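Chain and residue survey
The chain contents come next:
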Amino acid sequence: MKFDYMIIGAGFAGSILAERMASQLDKKVLVVDKRNYIAGNAYDYYDENGILVHKYGPHIFHTNSKKVFDYLSQFTKWNTYTHKVKAVIEGKNIPIPFNLNSIYELFPKKYAEKLENILIEKYGFGLKIPILKMKETDNSELKLLADYIYKNVFYGYTVKQWGLKPEELDFNVSSRVPVYISRDNRYFQDTYQCLPKNGYTEMFSNMLNHKNIKILLNTDYRDAIEYIKFDKLIYTGTLDYFFDNMFGELPYRSLEFNFETFDSPKFQELGQINFPNNYDYTRITEFKHLTQQNHPKTTIAYEYPMPFISGKNEAYYPIPRPENNDLFAKYKNEADKLKNAFFIGRLADYKYYNMDQIAGVALQLFENKIAK
Ligand code: FAD
Ligand code: UDP
């Protein structure tokens, strides 16, 4: 059998394109993944205790895009969930993004009031300031605060997460979690914040459940390419692997997740607690907060960042910084030369996409290039 499209990767990028081409263009599609399940890094499953966990760390869907939300809503119902995070600073659990409440929890009231007034006067209430921007201030009081936040919230976490200091990464990495001149303790301010009611894997299963879509798991691209017949390729893996490392390896960051189950219903006050200053892990996720599952036990995951080593562990994060972006541009240039192949996804685009962003990019690729 010959397929119209062979898609490498059953994550958001691959699955959305498969669904669109099968349902809208009546194309015959084969989705291939080297893992033995679908859903990419959003994969979730019930562990041996029957607790729904995210294999690849906390996945919270959040978006301002009605288009993306409506599209995914065809395949799942949702549980609304407001993600809140605290970081352990000086032995206390402090709201993150660092905001006015964080200041009041850390400093004496009079000093906190003074800082609040300076912040509101300088930036305005409701504004978000990237820490690297705030550090540039010429106000001596604010500079002290910025240095404090940098040291206690960002420095240790970033060095653990990336093996690099905040200023050694693209500005938009630490800007993902700006200082927020507000009393709002939510991690995200997006219009839609939710998780699929029965999990991500079920949502993907519904998306791929179409007579025109076949799924081949446990199969690497290199093996599939040997014997599958197809007209066009969509590839969502890493480009250095695709091109045999012709320009050298692209750096990625990997993680190790250590899961632990406790014989009590609750472990910590929120779904996510960050540890910028202690231990080798960056954060602990307690999944029941996210999934809202009732269960007498609870499972948590510790996240240990580590270098990506090809063939040994998984590439989870591109490492956005100028020299890596330049190397990626060389691979992208090669990819653009190939007719009948599309490269898309967090790995293939070497972009730090959230789920809604890659969903939007996939829908756009379909509408603007594939369906035309
Ligand atoms: P992926 O989900 O990575 O899918 C790629 C697929 O391709 C994988 O299944 C892989 O096995 C397969 N593949 C790769 N190479 C090959 C090959 N050679 N042969 C066969 N198959 C191959 N986003 C949010 O919006 N909210 C969050 O809270 C959030 N939390 C995250 C936490 C962590 C720890 C991580 C790592 C990511 C998080 N994300 C979050 C980002 C989210 O995971 C991505 O945006 C999304 O998964 C990207 O989808 P994708 O299809 O591009 O890639
Ligand atoms: N960050 C930090 N301290 C925190 C939270 C985030 O230094 O308590 C920085 C860190 O560099 C991190 C980046 O902000 O990698 C983005 O954080 P986010 O929570 O968006 O990371 P993700 O969930 O994508 O791993």
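Right above here is the structure, for reference.
Rules used in this analysis
- Residues numbered from 1 in each chain as written.
- Chains lettered and ligands numbered in written order.
- Predicted model: local features only at pLDDT ≥ 70, side-chain atom pairs only at ≥ 80, totals over all residues.
- Heavy atoms only, no water.
- Helix = DSSP H or I, 4+ residues; strand = E, 2+ residues; numbered from the N terminus.
- Rg over C-alpha atoms; globule rule 2.2 N^0.38 Å.
- Contact = heavy atoms within 4.5 Å.
- Areas by Shrake-Rupley, 256 points an atom, 1.4 Å probe, with all protein chains shown as cover.
- Lys, Arg positive; Asp, Glu negative; His and termini not counted.
- Charge placed at Lys NZ, Arg CZ, Asp CG, Glu CD.
- Bend = angle between axes of the 7 residues up to and from the residue.
- Polar contact = N/O pair within 3.5 Å; in protein donor to acceptor, adjacent residues only side chain to side chain.
- Buried < 20%, exposed > 50% of the residue type's maximum accessible area, 1.4 Å probe, protein only.
- Pairing = 2+ DSSP bridges.
- Near = heavy atom within 4 Å.
- Nonpolar A, V, L, I, M, F, W, Y, C, P; charged D, E, K, R; others polar.

1. Structural notes on the overall build of the chain
From N to C terminus, the chain includes 13 helices and 19 strands. Since a compact globule built from 372 residues should have a radius of gyration of about 21 Å, the 22 Å found for the chain is in line with a globular shape. Principal axes of the C-alpha set define a box for the chain whose edges measure 75 × 50 × 40 Å. Sequence separation of 24 or more characterises 71% of the internal contacts of the chain that already satisfy a separation of 6 or more. Accessible area of the chain: about 17100 Å², with a carbon and sulfur share of 48%. Where the 48 positive side-chain charges of the chain centre and where its 45 negative ones centre are 4 Å apart.

2. What to know about the environment of Pro-265
Looking at the element boundaries, Pro-265 is found in the loop between strand S14 (252-262) and strand S15 (272-274). Apart from residues lying up to four places away in sequence, Pro-265 is in contact with Glu-286, Lys-288, His-295, Pro-296, Lys-297 and Thr-298.

3. Structural notes on helix H6 (residues 140-162)
Residue Phe-154 marks the point of greatest curvature in H6, where the axis turns by about 40 degrees. Sitting at the amino-terminal end of H6 is Asn-139, which places a side-chain oxygen 2.9 Å from the backbone nitrogen of Glu-141. Residue Gly-163 follows H6 closely and has a positive phi angle near 70 degrees.

4. Some remarks on unusual backbone geometry
Omega for the bond connecting Ile-96 with Pro-97 falls within 30 degrees of zero, at 0 degrees, which places this linkage in the cis form. Positionally, Pro-97 belongs in the loop between strand S8 (92-96) and helix H3 (100-106). Residues other than glycine seldom take positive phi values, yet Asp-26 does so here, at roughly 55 degrees. Inspection of the secondary structure assignment puts Asp-26 in the loop between helix H1 (12-25) and strand S2 (29-32). If you check the backbone angles, Asp-244 has positive phi at about 55 degrees while not being a glycine. Among the secondary structure elements, Asp-244 is positioned in the loop between helix H10 (239-242) and S14.

5. Some points on the pairing of strand S7 (residues 85-89)
Burial within S7 is extensive, with five of its five residues counted as buried. Burial along S7 is two-sided: Val-85, Ala-87 and Ile-89 facing one way and Lys-86 and Val-88 facing the other are all buried. Across five bridges, the pairing between S7 and S8 is antiparallel. By the bridge assignment, Ala-87 is partnered in S8 with Ile-94. Hairpin connection from S7 to S8: two residues lie between these consecutive antiparallel strands, with Glu-90 at a positive phi of about 50 degrees. Two elements, S7 and S15, share three bridges in a ladder whose sense is parallel. Paired with Lys-86 across the bridge in S15 is Ile-273.

6. Thoughts on the site of ligand 1
Around ligand 1, a shell composed of 31 residues is seen, among which Asp-33, Pro-58, His-59, Ile-60 and Met-355 lie nearest. Between Asp-33 and ligand 1, the recorded distance is 2.6 Å, taken from a side-chain N or O atom to an oxygen atom. Within the backbone of Tyr-221, one N or O atom sits 2.9 Å away from a nitrogen atom of ligand 1. Isolated, ligand 1 exposes 1000 Å² of accessible area, and the fraction of that covered by the protein chains is 96%. Secondary structure elements with two or more residues in the shell around ligand 1: H1 and helix H13 (355-370). When its residues are assigned to classes, the shell around ligand 1 shows 14 nonpolar, 10 polar and seven charged.

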